[in-house]
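# Chain and residue survey
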Amino acid sequence: MTTYDDRASLSDLTATVERVRGSVEGVIEGKPEVVRLALTVLLAEGHLLIEDVPGVGKTMLAKALARSIDCSVRRIQFTPDLLPSDITGVSIWDQQRRDFEFKPGAIFAQIVIGDEINRASPKTQSALLESLEERQVTIDGQTYELPSPFMVVATQNPIEMEGTYPLPEAQRDRFMARVSVGYPSVEAELQMLDVHGGVSPLEDLQPVAHAHEIVKLIEAVRGVYVAEPVRRYAVELVAATRTHPDLRLGASPRATLHLLRAAKASAALSGREYALPDDVQALAVAVLAHRLLPTAQAQLNRRTAEQVVLEILHHTPVPAAPGQQNGFGTLGRTVPAYPQQPPRSL
């Protein structure tokens, strides 16, 4: 039986995450919500897809997160001539041993940065499928486990279509969340000129957390309590995407699992041992939108997947907190209460 005493305490989690957050925000100015989402995905054992226009700091965000943690890091520049074996590895004949020797590919790292992932061919992109979901690689009938923690941070440019291969639905579904960095504010851009004008801050960035600390924090996040009404709320949100008239493809059961894991990580980052509907609401767009396919009519009407998720959030009843008549959260409604305090042993 595992108890909270066996895991990293919430105070340890908060202190470690604040160090990592401060380190990353020293490089990515004016985007605290983006940095928090990246840390949420890391602690929820997911993978992050950063999608935005060129020059807004997608690769720098991934590098800053990787360098802030003392762990193995590999960067893959996806190009049309990249081969699957460059990612997973290859077996090479050893003349002296007279046997095949496995040479690990770039995926064998704790944090893998995949830059411009949609520039590789579909054959190369598919080499990531097993590692993203099962955290292992199978080569020549032999299965190799990937290190822990393991996170893939991929970037792509959604505007440029020439020479790119859009990620298929099966691969997008394996990314826990998608985030857009967006343009900085005027003040943040002025600060960026001061910080980045001479030397890149990445050069002086030092690790502020160890890999074994992150593993302990992940175990702590696994123990965050989620009451049955909150779990049902997450399921109802995902189920609503499968019947919405503006969507021809709804979210999968994997999306429900990712939404729940992300909500638990968000609760832990807020210093709570239990998840609330607010955690689910705050992450619904980031976790669900990139998995959805609007219908042709919705596209003609300029309806985006993000707008559909926001509409579903508005119409789905939210579990009320104990003792509240108007529900809990920004979209609260009167429904039966749920327990907020988790059991001491799980």
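First things first, this report covers the structure right here in the doc.

Reading the values: the criteria
Residues numbered from 1 in each chain as written. Predicted model: local features only at pLDDT ≥ 70, side-chain atom pairs only at ≥ 80, totals over all residues. Heavy atoms only, no water. Pairing = 2+ DSSP bridges. Helix = DSSP H or I, 4+ residues; strand = E, 2+ residues; numbered from the N terminus. Axes fitted to C-alpha atoms, helices over the stretch in contact; angles between N-to-C directions. Phe/Tyr/Trp six-rings, centres within 6.5 Å; stacked < 30°, edge-to-face > 60°. Buried < 20%, exposed > 50% of the residue type's maximum accessible area, 1.4 Å probe, protein only. Expected span 1.5 Å × (residues − 1).

## Observations concerning the sheet that holds strand S3 (residues 73–77)
Strand order in the open sheet made by the five strands is S3-S6-S9-S1-S10, with parallel pairing throughout. Single-partner strands in this sheet number two, and they are S3 and strand S10 (177–179). Averaged over all neighbouring strand pairs, the angle between strand axes comes to 15°, with direction disregarded. Note: strand S1 (residues 48–51) against S10, three bridges, orientation parallel. Bridging across to S10, Leu-48 finds its partner in Ala-177.

## Topic: the environment of Lys-123
Looking at the element boundaries, Lys-123 is found in helix H5 (residues 122–125). Distance from Lys-123 to Pro-84, taken between C-alpha atoms, is 7.0 Å for residues 39 residues apart in sequence.

## Structural notes on the packing of aromatic side chains
Two measures describe an aromatic ring pair: the distance that separates the ring centres and the angle between the ring planes. Tallied over the entire structure, the rule returns four aromatic pairs. Consider the rings of Trp-93 and Phe-100, whose centres lie 5.1 Å apart with planes at 75°: the pair is edge-to-face. Residue classification places Trp-93 among the partly exposed residues on the basis of a relative accessible area of 38%. Between Phe-102 and Phe-108 the ring centres are 5.7 Å apart and the planes differ by 70°, which places this aromatic pair in the edge-to-face class. This pair shows no difference in class: Phe-102 is buried, exactly as Phe-108 is. Ring-pair connections join several aromatic residues into one group, and the members of that group are Phe-102, Phe-108 and Tyr-144.

## Considerations on helix H11 (residues 253–269)
The end-to-end C-alpha distance of H11, which contains 17 residues, comes to 25 Å, matching closely the 24 Å that a straight helix rising 1.5 Å per residue would cover. Burial analysis of H11 places twelve of its 17 residues in the buried class, which makes it a mostly covered element. When we look at burial in H11, the residues that qualify are Ala-255, Thr-256, His-258, Leu-259, Ala-262, Ala-263, Lys-264, Ala-265, Ser-266, Ala-267, Ala-268 and Leu-269.

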